[in-house]
Amino acid sequence: MSATDTAQGSTGARITGGRTAGHVGRDRAERIRAVQEAAYRARHHAIDMGEVQGQGYVGQALGAADMLAAVYADQLRFDPADEHWAGRDRFLLSTGHYAIGLYAALAEAGIVPVDELVTYAADDSRLPMSGMASYTPGMEISGGSLGHGLTVAVGMALGLRLQGQTEQRVVNFLSDGELDEGSTWEAAMGAAHHRLGNLTALVDMNALQADGPTPDVLRIEPVEEKWRAFGWHAVRVDGNDAAALIDAFDECRALAAADGQPQVIICDTRVGRGVPLLEQREKAHFMRIEEHEWQLCREELTAGNEEAAR
């Protein structure tokens, strides 16, 4: 597939890709609509993938769908025909278990075929349950133990600058649970010290970890003030609001430079967003969903989208 090709997904949606970020040439209303539509389709993809296994990190994929759609449908420069294109922006998924959400976004971007999503977590699949760079097209790093992603992102952003690739940006997706890790804050200090203005961190504040609600595991607030104290430009938004995400990315892009202040977008999200049945689940970190519930999830997602469009 060439950089200008389009493909049809399982929902009949148009998937576009190219070497220009999606915001170029669009007005704000068009950008918001593109992100909303990509996120909606990605949520359907996540439900389809989850049904194959009957369980998984579906709640995180639904909650982060708007964030990932904003990255791929609006911000990132990439070439779906050449995942190693030197001029691409880099997106690093530090939270490897969110891979199901990233696969949905990669399918919308035309990097992974939509019909391959049904192989999620199957033996010999290119789409393992936890993200692996050695298997999956468009996956920059392997994710596993949390707290490593930002460290890799710092090295990558510095390396790009030293190589003279001053236009490329590095976007690192983190979870709020990763803010428990000392390595994350060491990396944050390093980014500010080296003035990595080509680095943007994207933090999913869904307030839930494997061991329970984030505030109960380890209090991390005040998050914005902490990032600012570490030398970052920080903005906090509703991570399920496409317009707010676009505005936050625009604010950060205005500051982006090979030598400057790193930026962080702190996103308050809801696990299972768009599917009330799953939003209300108490055990939501790794969801086990009954066979009859999958179609209910799709119906709720569709109904919510139709209601929002009115």
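As a starting point, this report considers the structure included with it.

What counts and what doesn't
Residues numbered from 1 in each chain as written. Predicted model: local features only at pLDDT ≥ 70, side-chain atom pairs only at ≥ 80, totals over all residues. Heavy atoms only, no water. Helix = DSSP H or I, 4+ residues; strand = E, 2+ residues; numbered from the N terminus. Rg over C-alpha atoms; globule rule 2.2 N^0.38 Å. Buried < 20%, exposed > 50% of the residue type's maximum accessible area, 1.4 Å probe, protein only. Contact = heavy atoms within 4.5 Å. Areas by Shrake-Rupley, 256 points an atom, 1.4 Å probe, with all protein chains shown as cover. Phe/Tyr/Trp six-rings, centres within 6.5 Å; stacked < 30°, edge-to-face > 60°. Disulfide = S-S within 2.5 Å. Pairing = 2+ DSSP bridges. Axes fitted to C-alpha atoms, helices over the stretch in contact; angles between N-to-C directions. Core = buried A, V, L, I, M, F, W, Y, C linked by side-chain atoms within 4.5 Å. Expected span 1.5 Å × (residues − 1). Arc of directions from axis to C-beta.

### As for the overall build of the protein
A tally of regular secondary structure across the protein gives ten helices and eleven strands. A compact globule built from 310 residues should have a C-alpha radius of gyration of about 19 Å, and the protein, at 18 Å, falls within 12% of that. In terms of overall dimensions, the protein has C-alpha extents of about 55 × 50 × 45 Å along its principal axes. The buried share of the protein, taken over its 310 residues, is 54%. Put simply, 75% of the contacts in the protein that link residues at least 6 apart link residues at least 24 apart. Surface accessibility of the protein: about 13000 Å² in total, with carbon and sulfur atoms responsible for 48%.

### Focus: the packing of aromatic side chains
By convention here, two paired aromatic rings are described through the distance between centres and the angle between planes. By the definition in use, this model includes eight aromatic pairs. Ring centres 4.9 Å apart and planes at 45° place the aromatic pair Trp 185 and Phe 230 in the tilted group. Of the two residues, Trp 185 is situated in helix H5 (residues 182-193) and Phe 230 in the loop between helix H7 (223-229) and strand S9 (233-238); the sequence distance between them amounts to 45 residues. Its relative accessible area of 14% is what places Trp 185 among the buried residues. An aromatic cluster is built from Tyr 72, Phe 78, Phe 91, Tyr 98 and Phe 173, whose rings are joined through pairwise contacts.

### A look at the state of the cysteines
All chains considered together, the criterion is met by zero disulfides. The thiol of Cys 267 is unpaired, and the distance to the nearest cysteine sulfur, on Cys 252, comes to 9.5 Å. The class for Cys 267 is buried, based on a relative accessible area of 0%.

### Let's talk about the sheet that holds S9
The strand order across the open sheet built from five strands is S4-S5-S6-S10-S9, with neighbouring strands paired in parallel fashion. The open sheet is flanked by strand S4 (90-93) and S9, the only strands paired with a single partner. Across the sheet, the axes of successive neighbouring strands diverge by a mean angle of 20°, strand direction being ignored. Lying on the sheet, helix H2 (residues 58-75) is in contact with S4, strand S5 (170-175), strand S6 (199-205) and strand S10 (263-268); it crosses S6 at an angle near 160°.

### Some details on unusual backbone geometry
A cis amide bond links Glu 221 with the next residue in sequence, Pro 222, at an omega value of 5°. Turning to its location among the elements, Pro 222 is positioned in the loop between helix H6 (214-217) and H7. One non-glycine residue, Asp 124, lies in the positive phi region at around 65°. In this fold, Asp 124 is placed in the loop between helix H3 (99-108) and helix H4 (149-162). With a phi angle near 55°, Arg 195 is a residue other than glycine that sits in the positive phi range. In this structure, Arg 195 sits in the loop between H5 and S6. Note on Arg 195: relative accessible area 43%, which makes it partly exposed.

### Points about the nonpolar core
Core analysis: the largest hydrophobic core is formed by 65 residues, its most contacted members being Tyr 72, Phe 91, Tyr 103, Phe 173 and Ile 265. Counting residues per element, this core draws most heavily on H2, which supplies twelve residues. In this structure, Tyr 103 is in contact with Met 49, Leu 117, Tyr 120, Leu 127, Pro 128, Ser 130, Gly 131, Thr 136 and Met 139, ignoring residues within four places of it in sequence. Counting 26 residues, the second-largest nonpolar core is a separate cluster that includes Ala 153, Val 203, Ile 220 and Val 264.

### As for H4
End to end, H4 covers 20 Å across 14 residues, agreeing with the expected 20 Å (1.5 Å per residue, within 8%). Those residues of H4 lying buried are Gly 149, Leu 150, Ala 153, Val 154, Ala 157 and Leu 160. Summarising the axial view, the buried residues of H4 lie within an arc of 140°, below the 170-degree limit, and thus occupy one face. Buried residues along H4 sit against S4, S5, H5, S6 and H7. Gly 164 sits one or two residues past H4 and shows a positive phi near 80°.

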